[in-house]
Amino acid sequence: MIRRSFLAIAVLAGLGPCLSAQASDNPRVRLLASTCVTCHGPGGQSLGAVPSLAGQEKAYLQEAMLEQRAGKRETTVMRKYMNGFTPEEIGQLAEYFSKLK
Amino acid sequence: MSLNRRDFLKSSAATFAASIAPLAAHAKTTKAQPHVVVVGAGFGGATCAKYLRMWDPNIKVTLIEPNDKFTSCPMSNWVIGGFQTFDALVKSYDNLPKYGIKMVKDWVTGVDGEKRLVMTKSGKKIAYDRLVLAPGMEWATESVQGWDEAYAAKKVVHSFRAGPDTLLLRKQLEAMPDGGVFLIASPPPPGRCVSGPYERASVAAHYFKQHKPKSKIIMLDGHFDVVSKGPMFKAAWKELYPGMIDHRPNNMVTAFNHKTMVVSSEFEDVKADVVNIIPWQRAPKLCKDAGVRNDALDRWCGIDNITYESTSVPNIHIVGDPVLSNMPKSAHVSNNQAKICAAAIIDLFNGRQPEPVPVIGSTSYSVTSDKTSGAIAVVMRYSPEKKVYERQPTGGANPLHSELDFAYGQSWHDNIWADTLG
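(A) Quick look at helix 3 (residues 45-55) of chain B. Counted residue by residue, helix 3 of chain B has 11 buried out of 11 residues, so it is predominantly covered. Considered for burial, the residues of helix 3 of chain B that qualify are Gly45, Ala46, Thr47, Cys48, Ala49, Lys50, Tyr51, Leu52, Arg53, Met54 and Trp55 of chain B.

Below is the structure:
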């Protein structure tokens, strides 16, 4: 049974070659992004007033986060969050969430 | 072993849907199917089990939990304030098996770290390759003289673990006469949810203001001040409940006589009508028995800050409140630690170096009424040079409560529950 499971994994991986080049493949980015979804919802899809991140334009997400980081955009908690991440990480997170559906 | 395949099929669907993980790479490098046993399905344990399966469906995960359902401590003060139902705190575990997690309803009685075995109350012996302990807290009730007798007589609760005691405290407040005194005692740091007692004072004041306006709330606080969201709470109390909340810092409670309803601190005796004493806490006995409660004070579990593996027993990881660290003991931190631990376990099984600079976020919202809330947010990054998680600049609490933070706070609950459980 275990062997068959491995075959199935390989088949599944084959089904999703479009995923292989994405930021979601970078384990560090995936781990950083997992801190975001605690508030923004699993897969970046929020269940309420906190905005969803999944599928947003990368440029929009990146600009918003950088402005929050610089204190140029009104926020309740996001400025506090964004100063914990580097501009490079913010770009990677924007890319990651833009690719989620 | 038909479970393996069934588990795999369920989890692979979930994993694929979440478009996560280079599956083929893991399958190539891992010979057998390693087994992780997770103890406790709270914000730490359930999250760890779920993310282990999402990020590496080759890992077999067993999650042991004594309760049929999850009861959320975050939001439980809303029930005590009378503007939320208890049912709203109760969540199903039904989605976790969809990730291929094997749920076992049982109570873990012991761990054999050498033989890598978990023993349970029902007599099971479950073998693990790696163990994740997420058992929450144990309350040092012996630190308050008279606690056990008072608790047996239903004259005191801490209600810092949501459950029947949450409702009991609510009923005690409902039965209290107008003009009565509600006493809240909070322990010195470190402990679970430092802002919880201040939020509790706020929701009680919200209730009293409408129904028992002559009543008073006395806080005997083991901290030197309102140490979490202090300016926000003080401003909200002044605005909404002037004169109702009497906060007395540096005032650790040592005894309670439930027959006279007198609470004694190091400095004074206070008579009250409803008494809510939160004793100080430590990692549960299970952690001590497993040999991982290993700090000098015999309270917390020392961990490697990258893998969350115990500093004393190999292959045992600890997440959440029992961890020895400078991080807040909150649902959000437990959830984030669980993901770092899951990622590290996957890397260790696959012979890779775990992420050397993990990042933890912590957000918490405290309501000040049924419409207003105040937020705190902090990011902590691990510094390999200093070997400690460092708070990043600009983190901290908002100085004022707001209706916007109430809306965000409501959404925070829905999202962390979904991230943890489903």
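Here the narrative resumes.
(B) Main features of helix 8 (residues 230-240) of chain B. Residues and elements named next belong to chain B. For helix 8, the complete set of buried residues consists of Gly230, Met232, Phe233, Ala236, Trp237 and Leu240. Projection of helix 8 onto a plane perpendicular to its axis shows the buried side chains occupying an angular sector of 165°, all on one side. Pointing more than 90 degrees away from the buried face of helix 8 are the exposed residues Pro231, Lys238 and Glu239. Those residues of helix 8 that are buried lie in contact with helix 7 (196-211), strand 12 (216-221), strand 13 (245-248), strand 20 (359-367) and strand 21 (373-383).

(C) Expanded view of the sheet that holds strand 14 (residues 253-257) of chain B. Residues and elements named next belong to chain B. With antiparallel pairing, three strands are arranged side by side in an open sheet as 14-15-16. The strands lining the two open edges of the sheet, one partner per strand, are strand 14 and strand 16 (269-271). When strand polarity is set aside, the average angle formed by the axes of neighbouring strands in this sheet is 20°. Examined bridge by bridge, strand 14 and strand 15 (residues 262-265) share four bridges and lie antiparallel to one another.

(D) Structural view of the side chain of arginine 170 of chain B. Tracing the chain through its elements places arginine 170 of chain B in helix 6 (residues 164-175). Reaching out from arginine 170 of chain B, the side chain makes a polar contact with the backbone oxygen of isoleucine 80 of chain B at a distance of 3.0 Å.

Thresholds applied
For every chain, the first residue of the written sequence is number 1, and numbering continues from 1 along that sequence. By the order in which they are written, chains take letters starting at A while ligands take numbers starting at 1. Residues qualify for local features only when their pLDDT is at least 70, as the model is predicted, and side-chain atom pairs are given and counted only at 80 or more; totals for whole chains, interfaces and linings, by contrast, use all residues. Side-chain measures here rest on the full set of heavy atoms in the structure, leaving out hydrogens and waters. Categorising residues by exposure relies on relative accessible area from a 1.4 Å probe, with only protein chains included: less than 20% of the type maximum marks a residue as buried, more than 50% marks it as exposed, and the intermediate range marks it as partly exposed. For the purposes of this entry, the term helix denotes a DSSP run of H or I that reaches at least four residues, the term strand denotes a run of E that reaches at least two, and both are numbered from the N terminus. Working note: the arc is built from the helix axis to C-beta atom directions. For this analysis, residues touch if any pair of their heavy atoms sits within 4.5 Å. One requirement defines pairing of two strands: DSSP has to find at least two bridges between them. Helix axes use the C-alpha atoms of the stretch in contact, all axes being lines fitted to C-alpha atoms, and the angles between their N-to-C directions lie in the range 0 to 180 degrees. In the analysis that follows, any N or O atom pair within 3.5 Å is treated as a polar contact, provided that within protein one partner can donate a hydrogen and the other can accept it, and provided that, for residues neighboring in sequence, both atoms belong to side chains.

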